[in-house]
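Results of the structural survey
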Amino acid sequence: GSNLVELRNLMAEATTACCEPSMDYVAVRAPVWPSDQATHGRQLNMSQQSVGEVLAFGRTFEESLQKALRMASPTRRGFESCSIAETLKTEEELLAALKTPTPERIRVIAEALKRDMAVDKIHDATGIDPWFLAKMRAVVSVQLKLTGMGLEDLDARPDLILLAKRCGFSDDQLARVMEGTCTELEIRDMRWEHGIRPGVTQVDVLAGAVEPERDILYLSYNTTSDVSPLDPASQAIVVLGAGAGRVGEGSEQDFATVCCTRTLRASERHVILLNNNPQATSTDMQESDRLYFDELSVEAVLEIDSFEKPKGVLALFGGYCAAALCWQVAELGSRISFLGTPPESLQLTLDRVRFHNLCEELTVPTARAMWAGSSAQPQVESTEVKGPVLRKPRWGMAGDQFHMAAGYAELKAEQKEESLVVECLCGENARQVVLDGVAQRGEILTKSLSEVIECAPVHCGDSVMLCPPQYIAIATYAASLRCAQKLVKALSVDGPFSISLVYDASNPESVFVVGCNLYTSRYLPMTCHTYLGEPWLEEAAKVVMGVPRRSKYMRIIDVEHVACRIPVFSFGNRPLTDPRLGSTMQATGEVVCFGAHLHEAYIRALQATGTKLPDKGILVSLGGVENKLKFAPLASLLIQSGFTLYVTEGTRAALIAEGVGEDGLRQVYPLLVATEPNCATLIDDGTIEFVINIPSGDATNKDTSGFQLRRKAVDRGIGLINSFPNAKLFTNALRWYKQVQTGGLSWGEGA
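What counts as what
- Residues numbered from 1 in each chain as written.
- Predicted model: local features only at pLDDT ≥ 70, side-chain atom pairs only at ≥ 80, totals over all residues.
- Heavy atoms only, no water.
- Helix = DSSP H or I, 4+ residues; strand = E, 2+ residues; numbered from the N terminus.
- Buried < 20%, exposed > 50% of the residue type's maximum accessible area, 1.4 Å probe, protein only.
- Contact = heavy atoms within 4.5 Å.
- Pairing = 2+ DSSP bridges.
- Axes fitted to C-alpha atoms, helices over the stretch in contact; angles between N-to-C directions.
- Phe/Tyr/Trp six-rings, centres within 6.5 Å; stacked < 30°, edge-to-face > 60°.
- Lys NZ or Arg CZ within 6 Å of the ring centre and 35° of its normal.
- Right-handed = clockwise from strand over helix to strand, strands pointing away.
- Core = buried A, V, L, I, M, F, W, Y, C linked by side-chain atoms within 4.5 Å.
- Lys, Arg positive; Asp, Glu negative; His and termini not counted.
- Salt bridge = Lys/Arg side-chain N within 4 Å of Asp/Glu carboxyl O.
- Polar contact = N/O pair within 3.5 Å; in protein donor to acceptor, adjacent residues only side chain to side chain.
- Parallel < 35°, antiparallel > 145°, perpendicular 65-115°, else oblique.
- Left-handed = near helix turned anticlockwise from the far one by under 90°.
- Nonpolar A, V, L, I, M, F, W, Y, C, P; charged D, E, K, R; others polar.
- pLDDT = per-residue confidence, 0-100.
- Patch = residues over 30% accessible without salt bridge, like charges linked within 9 Å, V, L, I, M, F, W, Y side chains within 5 Å.
- Areas by Shrake-Rupley, 256 points an atom, 1.4 Å probe, with all protein chains shown as cover.
- Charge placed at Lys NZ, Arg CZ, Asp CG, Glu CD.

This part is about the overall build of the protein chain. Within the protein chain one finds 25 helices and 24 strands. Taking all 751 residues of the protein chain together, the buried fraction comes to 55%. Considering only intrachain contacts with a sequence separation of at least 6, the fraction spanning at least 24 residues in the protein chain is 68%.

Encoded structure:
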């Protein structure tokens with residue numbers, strides 16, 4: 001290895017790594033919590049529960065703290081209270097909440113300071129150093145001064161505006177603190193009139209002693225600019241990154257961003273990247289000509305554009321976060337030039353009501369829906385929905401806070417504004433596919449279909465996926481392509497796109513569109529790796545730059561391998577969470593592996609997730625008569641492969657009645673029954689090595705044996721499958737793997 005004297009300082013190459021840093025900035029790291037953290041397993045402990053992180057830079061702690069909190073949670077506006085904290089009426093309730101470490105404790109501190117609780121009391125309850133608490137009090141003090149002020153009052157106090165900005169208040173936050181007396185745009189216009197603009201400054205580890213070699217920048221209202229904008233002749237492009245890694249957004253979008261920046265730089269374009277995720281490859285110093293480590297916000301984009309005056313802004317490779325930011329900026333009437341697919345099209349697909357109406361106009365098949373918002377909002381055409389329904393927020397990332405119900409009446413009691421209620425095709429015939437591609441000027445250049453193993457309404461991101469598809473009929477592929485062609489043309493797509501569809505397995509031509517993303521989806525990287533030698537993301541980057549490209553025809557039959565994607569969950573770090581799949585995405589990662597055929601790819605991917613394949617004992621727990629009948633053929637296959645199935649009395653009787661050999665079945669008692677042989681005991685001693693638990697209903701009840709069994713499997717770190725489609729694939733793949741182990745087959749040979 002090398003010692004510190006031999007290693008160069010990457011920020012200032014004139015010095016070595018042993019040089020003592022001298023910093024003139026404050027960096028604050030904030031964790032990102034899973035979306036269900038507020039309702040399940042809220043108390044923090046020694047197990048990590050966050051799914052990502054952000055890093056904020058500023059010249060003061062107050063400025064960096066507020067930035068970091070906004071970066072970590074787009075629905076938050078900074079250091080502010082929350083609904084949970086506001087319900088705590090007494091000081092005793094506040095102190096009790098402060099003593100418990102939860103994701104919301106920082107918000108409870110804000111509420112306590114707002115009620116003028118002494119810093120010493122908060123310190124005693126939380127153990128947080130009084131220095132930090134004093135800085136937080138300073139933020140609350142400015143907030144209280146602003147509360148109730150009108151726009152004219154604030155206009156007369158430019159000193160107060162500057163103080164608020166130096167304490168990290170965003171324009172949007174100021175508008176909210178002033179209780180709706182003005183808008184974010186009015187605050188921005190007023191601030192610009194007073195000449196209150198942020199300085200663009202470098203992350204300098206030597207405090208100006210040596211000129212930094214790398215342009216890592218941030219915005220601060222506590223300093224003036226110490227760098228110059230790039231030469232306008234360089235025609236620089238601002239690329240919006242994906243931000244914090246969170247459920248549904250992460251390494252996939254980061255991969256796409258890196259492919260984009262490398263393609264642009266290879267074509268001699270200067271790249272300015274805006275991102276705030278320290279875990280991302282895109283924030284490595286060598287991946288861009290200039291890196292802004294700052295908020296992905298309207299305010300930051302406008303300030304950077306005003307300072308750098310780039311040729312354009314590119315928002316199609318950073319996932320939902322970047323795409324939503326694109327149309328928010330465009331909505332303000334900004335002169336910023338967005339490259340690729342028009343912001344109006346992005347907004348149309350992100351607004352589920354408008355997108356549903358577009359599908360109706362284009363005669364693109366989609367589920368019947370009804371509007372569940374206020375009367376002042378636009379209505380969808382359908383007036384009645386029947387059967388199982390899915391409530392989707394009008395805005396938001398796909399799979400974020402969807403709610404399933406047996407019927408519309410069930411949703412009425414808790415109906416929310418701004419949501420769309422759609423009929424949900426679900427059950428074993430409700431198969432899902434995802435069509436990814438790249439288009440130029442509304443014409444599809446390249447495309448690929450991926451097969452989703454789980455049936456609707458399980459979110460595609462939580463499912464095993466196969467590319468190219470293995471079981472899809474030609475009629476389904478053709479119908480999916482017809483839907484895509486209509487949408488791509490109508491939306492003038494100029495870049496990547498992804499369309500989610502559901503079809504009825506009993507009628508392969510009955511395809512329904514359930515969603516459309518006009519940016520790089522979480523599945524596109526898998527597609528890129530499947531079609532080796534086809535640089536899809538590089539092509540997409542050239543398309544958005546206006547370089548003419550030719551359509552490429554790829555035949556699925558020519559692909560000599562199968563790619564299998566398996567999601568990774570963090571249920572083990574989130575106690576009390578039911579490890580079941582549903583319409584809201586929960587996966588925090590994924591793996592993709594290749595094989596000569598489906599079973600090889602699946603086994604490789606399953607092992608890559610860290611799942612230990614069973615050697616002998618598998619626990620099978622099946623809810624409902626239908627599940628028991630469907631599983632009987634799979635049980636026979638597992639027994640023929642040499643496995644012993646541990647089942648409860650009812651499951652055993654049902655399987656034997658269906659012709660399953662009783663020699664391979666061992667009866668056990670559920671976890672909640674204090675009788676041996678018990679599931680818990682056999683899991684603890686290693687007799688049971690894998691659990692297949694297929695419940696009959698959707699409801700989660702923590703007092704049931706099913707919930708306790710699923711938690712037991714996760715907490716003991718053994719494999720768990722809780723859906724029939726996945727159990728079927730697992731059984732057939734495991735049977736093939738057993739033949740490989742016994743020498744009957746070798747890797748690469750089919751079953």
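Taken in spatial order, the 6 strands line up as β3-β4-β7-β6-β5-β8 in an open sheet, and their pairing is mixed. What marks the edges here is a single partner per strand, and that holds for β3 (199-202) and β8 (312-314). Averaged over all adjacent pairs, the angle separating strand axes in this sheet is 30 degrees, with direction ignored. Summarising the sheet, strand β6 (residues 271-275) and strand β7 (residues 290-293) pair through 4 bridges and their orientation is parallel. In the sheet register, Leu 273 faces β7, and the bridge partner there is Leu 291. Against the sheet, helix α12 (residues 298-308) contacts β3, β4 (216-220), β5 (237-240), β6 and β7, and its axis sits at roughly 150 degrees relative to β7.

Overall, the coordinates contain 9 aromatic pairs when judged by the stated rule. Considering the side-chain rings of Phe 690 and Phe 730, the 4.4 Å spacing of their centres and the 15 degrees angle between planes classify their relative orientation as stacked. Residue Phe 690 is located in strand β23 (residues 690-694), and its partner Phe 730 is located in helix α25 (residues 724-741); the two are separated by 40 residues in the primary sequence. Across the pair, exposure class does not vary: Phe 690 and Phe 730 are buried alike. Joined through ring pairs, the aromatic side chains of Tyr 25, Phe 57, Tyr 218 and Phe 293 make up one cluster. Residue placement shows Lys 630 over the ring face of Phe 724; its charged tip is 4.6 Å from the ring centre.

A word on the pairing of strand β21 (residues 644-647). The alternating pattern of β21 places Thr 644 and Tyr 646 and Leu 645 and Val 647 on opposite faces, both of which are buried. Where strand β20 (residues 617-622) lies against β21, 3 bridges are found, and the strand directions are parallel. The residue bridging Gly 617 from the neighbouring strand is Thr 644, located in β21. Following the backbone out of β20, through helix α21 (residues 625-640) and into the adjacent parallel β21, one traces a crossover that is right-handed. Two elements, β21 and strand β22 (residues 665-667), share 3 bridges in a ladder whose sense is parallel. Counted as the bridge partner of Val 647 is Gln 667 from β22.

A few words now on the nonpolar core. Formed by 102 residues in total, the largest nonpolar core has its most connected members in Leu 240, Tyr 292, Leu 314, Phe 317, Leu 487, Phe 497 and Val 513. Top element by residues in this core is helix α13 (residues 319-331). It accounts for 8 residues. Ala 72, Phe 79, Ile 122 and Ala 587 belong to the second-largest nonpolar core, a separate cluster that totals 53 residues.

Looking now at the side chain of Glu 80. Looking at the secondary structure, you find Glu 80 in the loop between α1 (61-72) and α2 (83-86). Salt bridges are absent for the buried Glu 80, whose nearest opposite-charge side chain, Arg 107, sits at 4.9 Å. At a separation of 3.0 Å, a polar atom in the side chain of Glu 80 contacts the main-chain amide nitrogen of Arg 77.

Now for the packing of α12 against α13. Packing of α12 against α13 brings their axes to within 10 Å, and their N-to-C directions diverge by 70 degrees. When the interaxial angle is binned, α12 and α13 end up roughly perpendicular. Taken as a pair, α12 and α13 cross one another with a handedness that is right-handed. Together, Val 298, Val 301 and Leu 302 of α12 and Leu 325, Gln 328 and Val 329 of α13 make up the contact between the two elements. Residues belonging to the contact of α12 with α13 are distributed by class as follows: 5 nonpolar, 1 polar and no charged.

A separate point is the pattern of salt bridges. Under the defined criterion, the tally for this structure stands at 31 salt bridges. Of the charged contacts, one joins Arg 115 and Glu 111 as a salt bridge, the two residues approaching to 2.8 Å between their closest N and O atoms. Accessibility expressed as a relative area gives 7% for Glu 111, which makes it buried. With its nearest N and O atoms 3.4 Å apart, the salt bridge here joins Asp 684 to Arg 716. Of this pair, Asp 684 sits in helix α23 (residues 679-684) while Arg 716 sits in helix α24 (residues 705-716), placing them 32 residues apart in sequence. Here the salt bridges share partners, and the residues they tie into one network are Lys 165, Asp 171, Glu 184, Arg 188, Arg 191, Arg 197, Glu 299 and Glu 303.

Turning to the sheet that holds strand β18 (residues 562-568), a few remarks are in order. Strand pairing in a sheet is mediated by backbone hydrogen bonds. Such pairs are either parallel or antiparallel. The 7 strands lie next to each other as β17-β16-β13-β14-β15-β18-β19, forming an open sheet whose pairing is antiparallel. Two strands close off the open sheet at either side, each with one partner strand: β17 (507-517) and β19 (589-595). For this sheet, the mean inter-axis angle between neighbouring strands, taken without regard to orientation, is 30 degrees. As defined by bridge partners, strand β13 (residues 430-440) adjoins strand β16 (residues 495-504) across 10 bridges and the pair is classed as antiparallel. Residue Ala 439 lies in a different strand from β16, and its bridge partner there is Gly 495.

As a further point, take the confidence of the model for the protein chain. Put simply, the protein chain has an average pLDDT of 87, and 89% of its residues get 70 or more. Taken as a whole, residues 37-41 scores under 50 in pLDDT and shows 11 contacts with residues more than four places along the chain or in a different chain. When the criterion is pLDDT under 50, residues 375-383 qualifies, and its contacts beyond four places in sequence or with other chains add up to 24 contacts.

Our next topic: a negative patch on the surface. Together, Glu 152, Asp 153, Asp 155, Glu 186, Asp 189 and Glu 193 give the surface a local cluster of negative charge. For the negative patch, the elements supplying multiple residues, two or more each, are α7 (151-155) and α10 (184-193). Within the secondary structure layout, Glu 152 lies in helix α7. A relative accessible area of 71% means that Glu 152 is categorised as exposed.

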